Amino acid sequence: MRTARIGLTALALALPTFTATAAAGPPPGRTAIALTDVLPAVAEAVPAPDAAFRLTPDTVITASGAATAVAGSLAAAWRPATGFALPVTETGDRAIALVLEPGHPAEGYRLAIRAGGVELAATRPAGLFAGVQTLRQLLPAEIEARSARHARWVLPGGRIKDFPRYAYRGAMLDLARHFHEPAEIRAYIDRISRFKINHLHLHLSDDQGWRIRIDSWPRLTAVGGAPGTGVGGAGGGFLTKDDYRELVRYAADRFVTVVPEIDMPGHVNAAQVAYPELTCDGVAPRPRTDMRVGYSSLCADREVTYRFAADVIRELAEMTPGPYLHVGGDEAMSTPHGAYLRFQRRVLPLVRAHGKIPVGWHEIAQSPAAAENDAVIQFWGRERNSPSVAAAGSRVVLSPANRTYLDMEYDLLTPGGLDWAGAIEVRDAYDWDPGALLSDVPAERVLGVEAPLWSETLRDLDDIEFLAFPRLVAIAELGWSPRSAHDWDSFRSRLGGYGPRWVRQGVRFHRSPEVRWS
Ligand code: ACM
């Protein structure tokens, strides 16, 4: 409804050129979009409804030094729909000024919108980038159009102070059950970074396939990435080292850190098909493209297992600038308990030895080596069925399956998705508190939240988008916004207002009946 009103205003003005638009007089005092219409919700906002800022063909974006690249990304985002030049310059009047200054928390920023100019300030470029994502939502949805539109490009006046509740706000994409091409992964990075998601966890190996080139074990991808290695025999494919490095760079430009995962000691059938010496009996298993889990295991008592693990971890660490390296550890039902502990005692220190912080699914908390190596524990249980992760004493990323698993179905009627952790509608994804999920984990040990998207039922970007949106935005808000901002009615209303943006971006999202879509 909001968007319709803006559209009508633009039509009523029926101005023939952009110059005429600019000459049409001072901006009206009010905008259809409120300062608080932002996903995820901002921490503090003080609206000044009479102080709206109007973009004109003369508007410049000012920035210098390390702020310049972020300013360039804002200009690039706004040029197509406005048709304005939006040059990035060192100084200028009535500007949108991006400023680096001390005193803001990590990724935090302040935004001041007045009739005479806009100031966005942060201590680091990551904070400016977060502020830019806020700014982009404060112009009408037409700003997402890829060609010039007649619209009143007016930002609502007021001040925002914003910063994240949690340092880690993640999305996971499974490349193993179905390989997703780099172009699809880049598109997903574009989509998730709009909501201040700052980690992309790539699940790179599993029973069906192996999706990252490892030079010292070349058959992993030659065999494990061959055509037909996806679930149901679909797909195949893998990332070359250049592909991976390029994705890491692309993500870093959007302030997203890539977290690579090699799943061990279970979920390794594809590796064992390629290298039978990785089994205890040395016999190659058959390739698997079904969806069963828990049948494969590395052999904890063969030295070749640790040569393999060391080589893979070393090569992965070498091409990963981010601090984390995920070593899986889930559903090792075919690994005897003692063997599992012996395996973790040797493998977790290898991650440390290559300068990375180990991350593992919560099963690794059974191993004293998890705490000894200060591993991050990723909880993926269901709330009512929570295993203890307290003993490990480590930081925890929360991915409760019945809230955050984006591959679960929305409801019985909506096509797509699995159901083992239940149906997850938007409100289910939203209505929980990461600070209170695990009674045995103190709030200060919660590093953040992550929404995994497993690929058994996925084929293309449309499938990814349909399951991720809007639920991923719920997880993004839980990770970013203060608990005091948690409000389902507010969230669903802001989400409804965001729909037209996804439409213009070409994102195929689930029109949840829980939300009134604009
Ligand atoms: C998992 O869902 N097995 C981590």
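Predicted model only: the values in this text are computed from it and were never measured.

Peer 1: Mind showing me how you'd approach the state of the cysteines here?
Peer 2: A covalent bond bridging the sulfur atoms of two cysteines is what the word disulfide describes. Under the criterion given, the structure shown has 1 disulfide. Disulfide pairing is shown between Cys-280 and Cys-299; the S-S distance is 2.0 Å. As the torsion about the S-S bond is roughly 100°, the Cys-280-Cys-299 disulfide counts as right-handed. Separated by 19 residues along the polypeptide, Cys-280 in the loop between α8 (269-274) and α9 (303-318) and Cys-299 in the loop between α8 and α9 bring together distant segments of the chain. Assessed through its relative accessible area of 55%, Cys-280 is described here as exposed. Accessibility expressed as a relative area gives 5% for Cys-299, which makes it buried.

Peer 1: Help me understand the sheet that holds strand β13 (residues 324-328) in this model?
Peer 2: Adjacent strands of a sheet pair through backbone hydrogen bonds, lying either parallel or antiparallel. One closed barrel holds the 8 strands; their spatial order is β10-β11-β12-β13-β14-β15-β16-β17, and the pairing between them is parallel. If you compare each strand with its neighbour and ignore which way they point, the axes differ by 30° on average. Pairing analysis gives 5 bridges linking strand β11 (residues 199-203) to strand β12 (residues 257-264), with the strands arranged parallel. Each bridged residue has a counterpart across the sheet, and for His-199 the counterpart in β12 is Thr-257. Most of the contacts of helix α10 (residues 337-353) go to strand β14 (residues 357-361), to which it runs at about 140°, and overall it touches β12, β13 and β14.

Peer 1: Where do I start with the packing of helix α5 (residues 182-193) against helix α14 (residues 461-468) in this structure?
Peer 2: Packed helices, taken two at a time, are described by their axes: the angle between them and the distance between them. In contact at an axis separation of 10 Å, α5 and α14 are set at 25° when each is read in the N-to-C sense. With respect to each other, α5 and α14 are oriented roughly parallel. Judged by the sense of rotation from one axis to the other, the crossing of α5 with α14 is right-handed. Residue-level inspection shows Glu-184, Ala-187, Tyr-188 and Arg-191 of α5 in contact with α14, the latter providing Leu-461, Ile-464, Glu-465 and Ala-468. Per-class residue counts for the contact of α5 with α14 are 5 nonpolar, no polar and 3 charged.

Peer 1: Is there a simple way to explain the packing of aromatic side chains in this structure?
Peer 2: For any pair of aromatic rings, the description rests on two quantities: the centre-to-centre distance and the angle between the ring planes. Counted according to the given criterion, the structure contains 21 aromatic pairs. Between Tyr-405 and Trp-420, the aromatic rings sit 5.6 Å apart at their centres with planes inclined by 85°, giving edge-to-face as the arrangement. Within this pair, whereas Tyr-405 is found in the loop between α12 (401-404) and α13 (426-430), its partner Trp-420 is found in the loop between α12 and α13, the two being separated by 15 residues in sequence. A relative accessible area of 39% places Trp-420 in the partly exposed class. For the pair Phe-509 and Trp-517, a centre-to-centre distance of 4.9 Å together with 55° between the ring planes defines the contact as tilted. Here the aromatic cluster, defined as three or more aromatic residues joined through ring pairs, consists of Phe-195, Phe-469, Tyr-498, Trp-502, Phe-509 and Trp-517. Seen from the ring of Trp-480, Lys-196 lies directly overhead, with NZ or CZ sitting 5.4 Å from the centre. In this structure, Arg-471 is placed above the aromatic ring of Tyr-410, and the distance from its NZ or CZ to the ring centre is 3.7 Å.

Rules behind the numbers
- Throughout, residues of each chain are indexed from 1 in the direction in which the sequence is written.
- Only residues with pLDDT of 70 or above have their local features reported here, since the model is predicted, and side-chain atom pairs are shown and tallied only from 80 upward, although totals for entire chains, interfaces and linings are computed over all residues.
- Hydrogens and water are ignored here; the side-chain numbers use all heavy atoms of the structure.
- Working definition: a disulfide is two cysteine sulfur atoms within 2.5 Å of each other.
- Helical segments are the DSSP runs of H or I of at least four residues, strand segments are the runs of E of at least two, and each set is numbered from the N terminus.
- Classification of residues uses two cut-offs on accessible area relative to the type maximum, computed with a 1.4 Å probe and protein chains only: under 20% is buried, over 50% is exposed, and between them is partly exposed.
- Should DSSP find at least two bridges between two strands, the strands are regarded as paired.
- Axes, fitted as lines to C-alpha atoms, cover a helix only where it is in contact. Angles between the N-to-C directions of the axes lie from 0 to 180 degrees.
- Only heavy atoms matter for contacts: two residues are in contact if any of them lie within 4.5 Å across the pair.
- Angles below 35 degrees are treated as roughly parallel, those above 145 as roughly antiparallel, those between 65 and 115 as roughly perpendicular, and all remaining angles as oblique.
- Handedness of a crossing follows from how the near helix is turned relative to the far one, being left-handed for an anticlockwise turn of less than a right angle and right-handed for a clockwise one.
- The classification used treats Ala, Val, Leu, Ile, Met, Phe, Trp, Tyr, Cys and Pro as nonpolar, Asp, Glu, Lys and Arg as charged, and all other residues, Gly among them, as polar.
- Aromatic rings from Phe, Tyr and Trp, with only the six-membered ring used for Trp, were paired whenever their centres fell within 6.5 Å, and each pair was classed as stacked if the ring planes differed by under 30 degrees, edge-to-face if by over 60, and tilted otherwise.
- Whether a charge lies above a ring is judged from NZ of Lys or CZ of Arg, which has to be within 6 Å of the ring centre and within 35 degrees of the ring normal.

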